[in-house]
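Here are the chains, one letter per residue:
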Amino acid sequence: MGAFKKEIAEKAIRSLHLEASNQQFADYWLSLWQDDDLPARASFSPARLKAFLPSLLMYDVIPEQSVIIRLAGTGYDLILGPSLAGKDWIALTPEDYRATRLQTFSTIARGAVRVAYRSLAVLSGDDIMTEEILLPFAPQPNGVHPVLGRVNWRQDQLQRIKTISQGTGGAIDHRLVSLR
């Protein structure tokens, strides 16, 4: 039996009151659990989430050390620039927020879920409020803890965003919920 309980993970996800598409995303992640163990990264199939691919991020986290972007959906090219894969997410973060971001990702990697909200200023029309979710996978033998993320923006909204700093800085609100 694992150090986690799927029932606790399900309750944690419900407590976040996610919007519909992020709930669907989290439900897929929950379906990957084997008994009471965090899902293995190998069980994740991006093909099963085709509609979400532009808004997916996969990170390799070594707690207290590093957060490297392994996979970035095409939508991030418009906000943060092309070819994010392989880049250090902490180095791309504003300096005054780096320690907080590393601590947050370390907590998630060890068994927590995070939902965060950002208000993104746009060139025309109302600002966009996004909901971001980060979900952990079981640690790999090499000490890497994969973390899966998604932001619920729509592709048509991305070209209207004013500045990339909105995507790399702190959220206006967030919740971090333990899976233990």
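Refer to the structure above for everything that follows.
Read on for a plain summary of the structure. This is a predicted model, so every value here is computed, not measured.

Rules and cut-offs
Residues numbered from 1 in each chain as written. Predicted model: local features only at pLDDT ≥ 70, side-chain atom pairs only at ≥ 80, totals over all residues. Heavy atoms only, no water. Salt bridge = Lys/Arg side-chain N within 4 Å of Asp/Glu carboxyl O. Helix = DSSP H or I, 4+ residues; strand = E, 2+ residues; numbered from the N terminus. Buried < 20%, exposed > 50% of the residue type's maximum accessible area, 1.4 Å probe, protein only. Pairing = 2+ DSSP bridges.

1. A word on the pattern of salt bridges
- One pass over the structure, following the stated rule, counts 7 salt bridges.
- Lysine 11 serves as the salt-bridge partner of glutamate 7, at 3.4 Å between the closest nitrogen and oxygen. On the criterion of helical spacing, the pair formed by glutamate 7 and lysine 11 is a turn pair, its members being 4 residues apart in helix H1 (residues 6-15).
- Take lysine 11: its relative accessible area is 46%, and that puts it in the partly exposed class.
- Arginine 110 is the salt-bridge partner of glutamate 64, the closest N and O atoms lying 2.9 Å from each other. Of this pair, glutamate 64 sits in the loop between strand S1 (56-62) and strand S2 (66-72) while arginine 110 is found in the loop between helix H4 (98-109) and strand S3 (112-120), placing the two residues 46 residues apart along the sequence.

2. Details of the pairing of strand S4 (residues 128-136)
- With 8 of 9 residues buried, S4 is to be regarded as a mostly interior element.
- Pairing of S3 with S4, which is carried by 7 bridges, proceeds in the antiparallel orientation. Within the sheet, the bridge partner assigned to arginine 118 lies in S4 and is threonine 130.

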